[in-house]
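A closer look at the structure
Below, each chain spelled out in residue letters.
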Amino acid sequence: MSTFTDLTDINARFEPAIDAESEANQRRQVLAGQVAAVRRRSRRIRTLRRVFPGLIIGLGLLNVGWIVVTSVIGSFNVYNVSGTEIRMTNPRYSGLNSQGSPWIISGLEAIKKAGDTTIATLKAPVIEFKGDGDKASHISAANGIYDADAKTFRLIGNVVMVSGNSDMTFRTEEAVMNMQDMSISGDKHIEGTGSMGHIVGESFVISKNGSDIIVRGRGEAQAHGVVNGKAGNKGRS
């Protein structure tokens, strides 16, 4: 009797735990979740494709900006005190001459002795100034000494002077500039080239923004040139 009961249980009709409709709903839900995940991933990819180029451009602009900022900061006067010296990078001095015309002195480095604020030694100095003419005179040298009290600027080594009121370019090894009248003088060998020709001398005085040029040779030899931008060049020797 018990055996018959067991056989009836074995051969009984199978009733699934979940019907077909529920299973289909579950499959649809799983599929919808997968589709939503794919869509989210696609949106993230599209967003990253838009964001990454912007980030790259932003980083590039940030790098350029940083370079500009560091360059600007580096262009400011930076003091470095070491022992008895004060060093200043990219120095810049400016003022007016006795006629009220501006002048500017710049360089790569200025060195002052501690406690002395009147005299500065400059490396690779450049001075620009204007006189009566429209063009500025430009003078450069290997080294220079600026004396604020004496109002002089001594240029030493490979001095190159380009006159604003003429087309003359002079070269010498040493010159002294009077910051009051902006005249340049020296007792070293000088050579000049321009529309006045080739001038060679052993001492010189250049004034009036290059309009008045006096070059002396050995002994009594002397050349005096007066430059007039409208009428041409005059000279006597």
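Everything here concerns the structure above.
Described below are features of the structure shown in this document. Owing to the predicted nature of the structure, the values given are computational and were not obtained by experimental measurement. (Residues numbered from 1 in each chain as written. Predicted model: local features only at pLDDT ≥ 70, side-chain atom pairs only at ≥ 80, totals over all residues. Heavy atoms only, no water.)

Tracing the sequence through the fold places Gln 180 in the loop between strand S11 (169-178) and strand S12 (183-186). Considered as a pair, Gln 180 and Leu 96 are 84 residues apart in the sequence and their alpha carbons are 8.0 Å apart. With residues up to four places along the chain from it excluded, the contact list for Gln 180 reads Asn 97, Ser 98 and Lys 151. (Helix = DSSP H or I, 4+ residues; strand = E, 2+ residues; numbered from the N terminus. Contact = heavy atoms within 4.5 Å.)

Our next topic: the nonpolar core. Counting residues in each nonpolar core, the largest one holds 29 residues, and the members touching the most others are Tyr 93, Ile 105, Ile 139, Met 161, Met 177 and Ile 184. For this core, the secondary-structure elements that each account for two or more residues are strand S4 (102-106), strand S6 (119-123), strand S7 (126-130), strand S10 (152-162), S11, strand S15 (203-207) and strand S16 (212-216). The biggest single contributor to this core is S10, with four residues. Excluding residues within four positions of it along the chain, Ile 184 makes contact with Phe 129, Ile 139, Met 161, Ala 175, Val 176, Met 177, Phe 204, Val 205 and Ile 206. (Core = buried A, V, L, I, M, F, W, Y, C linked by side-chain atoms within 4.5 Å. Buried < 20%, exposed > 50% of the residue type's maximum accessible area, 1.4 Å probe, protein only.)

Another aspect to go through is the packing of aromatic side chains. Counting across every chain of the model gives three aromatic pairs. Between the aromatic rings of Tyr 93 and Tyr 146, the centroid separation amounts to 5.2 Å while the plane-to-plane angle is 45°, which identifies the pairing as tilted. Placement of the pair is Tyr 93 in strand S3 (residues 92-96) and Tyr 146 in strand S9 (residues 143-147), with a sequence separation of 53 residues. For the pair formed by Tyr 93 and Tyr 146, the shared burial category is buried. An aromatic cluster is built from Tyr 93, Trp 103, Tyr 146 and Phe 153, whose rings are joined through pairwise contacts. (Phe/Tyr/Trp six-rings, centres within 6.5 Å; stacked < 30°, edge-to-face > 60°.)

The backbone of Ala 124 sits at a positive phi, close to 50°, despite the residue not being glycine. Looking at where Ala 124 falls in the secondary structure, it is placed in the loop between S6 and S7. Under the relative-accessibility criterion, Ala 124 is labelled partly exposed at 29%. Positive phi, close to 55°, is recorded for Lys 151, a residue that is not glycine. Look at Lys 151 and you get partly exposed, because its relative accessible area is 37%.

On to the pattern of salt bridges, then. Enumeration according to the criterion identifies four salt bridges in this entry. Here Arg 154 ties to Glu 174 by a salt bridge, and the two come within 2.6 Å at their closest N and O atoms. Separated by 20 residues along the polypeptide, Arg 154 in strand S10 and Glu 174 in strand S11 bring together distant segments of the chain. A relative accessible area of 22% places Glu 174 in the partly exposed class. Look at the salt bridges and you will find they share partners, linking Glu 85, Arg 87, Glu 109 and Lys 123 into a network. (Salt bridge = Lys/Arg side-chain N within 4 Å of Asp/Glu carboxyl O.)

Right, let's get into the pairing of strand S5 (residues 109-113). Pairing of strand S2 (residues 85-89) with S5, which is carried by five bridges, proceeds in the antiparallel orientation. Within S5, the residue paired with Glu 85 across the bridge is Lys 113. Direction of pairing for S5 relative to S6: antiparallel, over a ladder of three bridges. The partner of Ile 111 across the bridge, within S6, is Thr 121. The turn linking S5 back onto S6 is made up of five residues, and Gly 115 within it adopts a positive phi angle of 90°. (Pairing = 2+ DSSP bridges.)

Next up on the list: the pairing of S7. Within a regular strand, side chains alternate between the sheet's two faces. Side chains Ile 127 and Phe 129 of S7 all project onto a buried face; the interleaved residues Val 126, Glu 128 and Lys 130 project onto a face where none is buried. Direction of pairing for S7 relative to strand S8 (residues 136-140): antiparallel, over a ladder of five bridges. Its bridge partner being in S8, Lys 130 is matched across the sheet by Ala 136.

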